[in-house]
Amino acid sequence: MKIDGNVEPIRVVLPGEPVLMETVSGNLGLGPGLSRAEDSIVCTKAGVLMKKKDSWFVESDEKRYIPVRGENVVGKVTGRMAEYYRVDIGSAHLAILSFLAIAGATKKNRLDLNIGDLVYARISSASRDIEPELECTDYEGKSKEYGKLKDGFLLKCSLRYCRRLMSPESPIWKLLRERINLEVAIGSNGRVWFNSGTTRHTILTYNAIKRSETMTDEECETMVSKELDF
Amino acid sequence: MVKESEISTNERNFILSGLKEGIRLDNRDPEEFRPLKILFGPEHGRCEVRLGGTKVLAKVSCEVTRPYIDRSSEGILILNTELSPMAFPGLDSGRPSDEEILVSRILEKALKRNHAIDLEGLCIIREKKVWTIRVDVHFLDNDGNIIDAACIAAISALSHFRRPDVTVTGDDNITIHSFEQRNPIPLTIHHTPICVTFAFFENGDLWVVDPCLQEEQIRQGDMTITINENNEICVLSKAGGVPLSMDQIVQCSKIATSKVELITEQIRKALAAN
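Below is a short write-up of the structure. One numbering rule holds for all chains: residues counted from 1, following each sequence as written. Written order decides the labels, with chains lettered from A and ligands numbered from 1. Only residues with pLDDT of at least 70 are given local features in this predicted model, and only at 80 or more are side-chain atom pairs given and counted; all residues enter the totals for whole chains, interfaces and linings. Side-chain measures here rest on the full set of heavy atoms in the structure, leaving out hydrogens and waters.

For the purposes of this entry, the term helix denotes a DSSP run of H or I that reaches at least four residues, the term strand denotes a run of E that reaches at least two, and both are numbered from the N terminus. On a plain count of helices and strands, chain A comes out with four helices and 15 strands. Counting only C-alpha atoms and orienting by the principal axes, one finds that chain A spans roughly 60 × 55 × 25 Å. Within chain A, counting contacts between residues at least 6 apart in sequence, those at least 24 apart form 64% of the total. Roughly 12500 Å² of accessible area belongs to chain A as shown, and the carbon and sulfur atoms make up 49% of that amount. Note on contacts: a residue pair qualifies if any of its non-hydrogen atoms lie within 4.5 Å across the two residues. Computed by Shrake-Rupley with a 1.4 Å probe, the accessible areas treat only the displayed protein chains as cover when residues are assessed.

Put into structure tokens, the structure is as follows:
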């Protein structure tokens, strides 16, 4: 699928490889996968070196999520404690969702979540030393679209593909939405939830998204219209 | 690290409602296998099997060892299956998981107990020197049904394997000839047992062949039938889960027979192409 037009792939890099940027002058931003070592810039993970204006970063097919404050995630409730739920968001540690961090919840009246339920939440605190914390409210305390996800199906994919799916330019959603009534929640943690109301359409969406990762825009269009247009 | 936990309620309900309507996640029929790919090489006895998203690599090697005392004129077949965290992120390291034990037991029953390989032909000098054939099965990626994939990989790798020729010179001395000196010798394979796994849902009312990972996570029971190319049932393994009726088992074995025919044919074609 087409990537964001401003991002330019440079080449494949390996961890420990010095990334020479002699051609670059002035300020430059270093994103994930790059770090400074004395006078040179060294790559810290295997992937494709990407450039967006003056920012450089390495994109790889990783699946393990590193929580970042403010990002939206799709998580699965795995436990219920005295004051919070434990939620699996695909990171190294389970996240915490406090009973009171859900919009409209009070000490007496709380939204009931069961083990195994999926929630769409925002990361309110993320640090390398403590467990990530989640919130089912936006910055103003409103629920917006956060909360429990009913029915539907979940697709797990690489973080890179997930970011691509979040882009408004992503063609696969456009193609599917023209034909199917879809409800979608994309988490930055490599989990995409969607629901179309009918089993057939949801399975079709599942397969279309899964397969479109390695397809060109034209191929996506052929695939979707082959499955849906009669 | 977070242990790979149970599947979410949403996924469970969705897969079940799909199965009730007769639709599976990858649009397969309930009795359809995923596309199977068998790749050999570069050397003899190395085989990679891809069953949908499941990837298994089997590698056969041999060495000359002493035989077991009670089986002094038979070679030795060793099967080694190890699940690594590469394909099983939730694996408890150190101690073998139940799944690992189940896989190795079924493979052992299918290949060793059924005498799929002629072991007597692997004897060089009685009580002193025999060939030990070792099959290492590595699981590279897990998308469900690792038993069937491992069985296909192991038997294909054994069929593809060539051991060096050997001559006995004097009492206890043997000469192992390199592949350049003498043509390598294939193993004698009596029959090729193939496993077919079924997964059961809704107290056994619904079932599918070759379950994918998500289907495996929500199944209530499973059954593996091992059949060879002569349509003989070699192993039937049902380790717990929902009880099944006699009719169901007969029906499943009929389906398994037709699947085994297709898979055996595919292995034969892949071997012929190499």
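From this point, the discussion proceeds with the structure in view.
Glancing now at the pairing of strand 15 (residues 191-195) of chain A. Residues and elements named next belong to chain A. Residue burial is assigned from relative accessible area. The probe radius is 1.4 Å, only protein chains are included, and a residue is buried under 20% of its type maximum, exposed over 50%, and partly exposed in between. Taking burial as the measure, the five residues of strand 15 include five buried ones, the bulk of the element. Burial of the side chains of strand 15 extends over both faces: Arg191, Trp193 and Asn195 are buried on one face and Val192 and Phe194 on the other. The criterion for strand pairing is that DSSP finds at least two bridges linking the strands in question. Pairing analysis gives four bridges linking strand 13 (residues 153-156) to strand 15, with the strands arranged antiparallel. In the sheet register, Phe153 faces strand 15, and the bridge partner there is Phe194. Sheet analysis places strand 14 (residues 183-186) next to strand 15, joined by four bridges and oriented antiparallel. Each bridged residue has a counterpart across the sheet, and for Val184 the counterpart in strand 15 is Phe194. With antiparallel pairing between neighbouring strands as the criterion, strand 14 and strand 15 make up a hairpin whose turn holds four residues, including Gly190 at a positive phi of roughly 80°.

On to the interface of chain A and chain B. Tallying the contact residues gives 25 residues for chain A and 20 residues for chain B. It is A:Phe153, A:Thr199 and A:Ile203 in chain A that bury the most area against chain B; as a group they hold 34% of the surface buried on that side. Each reported salt bridge corresponds to a side-chain nitrogen of Lys or Arg within 4 Å of a carboxyl oxygen of Asp or Glu. Applying the counting rule to chain A against chain B returns zero salt bridges. Identification of polar contacts relies on pairs of N or O atoms within 3.5 Å, with a donor-acceptor requirement for protein atoms, meaning one able to donate a hydrogen and the other able to accept it, and with residues adjacent in sequence counted only if both atoms are side-chain atoms. Applying the counting rule to chain A against chain B returns six residue pairs in polar contact (both at pLDDT 80 or more). For the side of chain A that touches chain B, the secondary structure elements donating two or more residues are strand 7 (72-80), strand 13 and helix 3 (199-212) of chain A. For the side of chain A that touches chain B, the leading source of residues is helix 3 of chain A, giving six residues. Side-chain classes follow a simple rule in which Ala, Val, Leu, Ile, Met, Phe, Trp, Tyr, Cys and Pro form the nonpolar group, Asp, Glu, Lys and Arg form the charged group, and the remainder, Gly included, forms the polar group. Among the residues making up the side of chain A that touches chain B, the classes are represented as 10 nonpolar, eight polar and seven charged. Using a 1.4 Å probe, buried area is obtained as the accessible area two parts lose upon being combined, added over both of them.

Turning our attention to the sheet that holds strand 13 (residues 221-227) of chain B. Two modes of strand pairing occur in sheets, parallel and antiparallel, and in both the strands are linked by backbone hydrogen bonds. Residues and elements named next belong to chain B. As summarised here, the arrangement of the four strands in space is 12-11-13-14, forming an open sheet in which the pairing is antiparallel. The strands lining the two open edges of the sheet, one partner per strand, are strand 12 (206-209) and strand 14 (233-237). Each adjacent strand pair in this sheet contributes to an overall mean axis angle of 20°, direction not counted. Pairing geometry for strand 11 (residues 194-201) and strand 13, over seven bridges, is antiparallel. Paired with Cys195 across the two strands is Thr226, which belongs to strand 13. Contacts between helix 2 (residues 98-113) and the sheet are confined to strand 11, strand 13 and strand 14, with strand 14 contributing the most and set at about 165° to the helix. In this description, a line fitted to the C-alpha atoms serves as the axis of each element, helices being fitted only across the stretch in contact, and the angle between N-to-C directions of two axes falls anywhere from 0 to 180 degrees. Contacts from helix 3 (residues 146-160) reach strand 11 and strand 13, with the element oriented near 180° to strand 11.

Between helix 3 of chain A and helix 1 (residues 9-20) of chain B, the shortest axis-to-axis distance is 10 Å and the interhelical angle comes to 115°. The two elements helix 3 of chain A and helix 1 of chain B meet at a crossing, and its hand is left-handed. Taken together, the residues of helix 1 of chain B that come into contact with helix 3 of chain A (itself represented by A:Thr199, A:Thr202 and A:Ile203) are B:Phe14, B:Ser17 and B:Gly18. When the residues that make up the contact of helix 3 of chain A with helix 1 of chain B are grouped by side-chain class, the tally is two nonpolar, four polar and no charged. Two helices that cross are described as forming a left-handed crossing if the nearer one is turned anticlockwise from the farther one by less than a right angle, and a right-handed crossing if clockwise.

Any functional reading would require information beyond the geometric quantities listed.
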